[in-house]
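# Structural features, examined
Single-letter residue listing:
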Amino acid sequence: MGGSFNPAHDGHRHLALLALHQLGLDEVWWLVAPQNPLKPNDGMAPFAQRLAGARQVARHPRLKPSDIEARLGTRYTADTLRALQRRFPTRRFVWIMGADCLAEFARWKDWRNIFRIMPVAVFDRPSYSLRALWSLAARRFARVRLKSGSARGLAHRQSPAWVFLHTRLHPASATQIRGDANQDRHSAGKPLGQESGG
Ligand SMILES: Nc1ncnc2c1ncn2[C@@H]1O[C@H](COP(=O)(O)OP(=O)(O)OP(=O)(O)O)[C@@H](O)[C@H]1O
Ligand SMILES: O=C(O)c1ccc[n+]([C@@H]2O[C@H](COP(=O)([O-])O)[C@@H](O)[C@H]2O)c1
């Protein structure tokens, strides 16, 4: 699974543990993205800080935050996944993401080929399931969507193949955490009693 992890939070851990168990994986690698090509650089914490945060949140021997995307020198997921397969030819990979990513997948570079490079597992996330399932990507690849009962063997399927898993939801979001932190900083600068509102 890839992410900005700006910052890492329990929603990432929730997603990774669901993927580990429901897909029957050996490990879940957290590819800390040097820079999401669709997100502004502004407000993005330094890479080392985001990686350190991911390591603190993961706290599990089989969840592996990694700087490999920075070392591979790739920025787009399609390039990263091809490079991973070249570097680890005997491993079987699954690309894991939350429903919000599927909802906007058609904006990613070479997104059709991501489905062809390796199997994809999408996990539900509060308020995104309808948008994800009606997205261009979901409709375009509807014929190769597997039933959720096939999730366990997904890593061994021929791509394109993907699943959408309706699972327990986790409300955490980095946008909200950054918003709360800004609010706290803002309130801290105000006289007592004026922390919220005007
Ligand atoms: N609460 C969650 N439930 C399920 N998946 C999640 C959750 N939070 C993040 N993810 C997934 O983790 C991956 C990395 O997410 P990311 O680092 O962008 O966190 P985020 O909370 O979505 O950040 P932001 O709000 O800045 O977009 C993505 O695939 C995203 O869909
Ligand atoms: O390849 C792309 O065009 C692309 C566009 C948007 C996001 N991504 C990747 O999707 C992952 C999730 O990104 P984010 O910022 O939502 O956590 C992360 O690995 C990004 O590099 C990739």
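Residues numbered from 1 in each chain as written. Chains lettered and ligands numbered in written order. Predicted model: local features only at pLDDT ≥ 70, side-chain atom pairs only at ≥ 80, totals over all residues.

Here we take up the UniProt feature "domain: Cytidyltransferase-like" (unreviewed entry) in the chain. UniProt feature "domain: Cytidyltransferase-like" (unreviewed entry): in the numbering of this structure it lies at residues 1–178. Helix and strand shares over residues 1–178 are 38% and 13% respectively, and the end C-alpha atoms of the span are 21 Å apart. (UniProt positions renumbered as here; feature names shortened; annotations may be inferred. Helix = DSSP H or I, 4+ residues; strand = E, 2+ residues; numbered from the N terminus.)

Turning our attention to the nonpolar core. A general trend in soluble globular proteins is that nonpolar side chains are found buried together. Ranked by internal contacts, the top residues of the largest apolar core, which has 46 residues, are Ala19, Leu102, Ala121 and Val122. The residues contacting Ala19, other than those within four sequence positions of it, are Met1, Leu25, Val28, Ile96, Ala121 and Phe123. (Core = buried A, V, L, I, M, F, W, Y, C linked by C-beta atoms within 7 Å. Buried ≥ 20, exposed ≤ 12 C-beta atoms within 10 Å, placed from the backbone. Contact = placed C-beta atoms within 7 Å.)

In the neighbourhood of ligand 2, 15 residues make up the surrounding shell, with Gly2, Gly3, Ser4, Asn36 and Trp108 lying closest. Elements supplying a minimum of two residues to the shell around ligand 2: β1 (2–3) and α4 (77–87). Of the residues in the shell around ligand 2, the class split is eight nonpolar, five polar and two charged. (Near = placed C-beta within 6 Å. Nonpolar A, V, L, I, M, F, W, Y, C, P; charged D, E, K, R; others polar.)

Quick look at the sheet that holds strand β2 (residues 28–32) now. Think of a sheet as strands paired side by side through backbone hydrogen bonds, with each pair either parallel or antiparallel. Pairing is parallel across the open sheet formed by three strands, whose spatial order is β1-β2-β3. Because the sheet does not close on itself, it has two edges, and the strands there are β1 and β3 (63–66). Alignment of β1 against β2, held across two bridges, turns out to be parallel. Bridging across to β2, Gly2 finds its partner in Leu31. Relative to β2, helix α1 (residues 10–22) is tilted by about 145°, and along the sheet it contacts β1, β2 and β3. Taken strand by strand, helix α2 (residues 47–58) contacts β2 and β3, and its axis lies near 155° from that of β2. (Pairing = 2+ DSSP bridges. Axes fitted to C-alpha atoms, helices over the stretch in contact; angles between N-to-C directions.)

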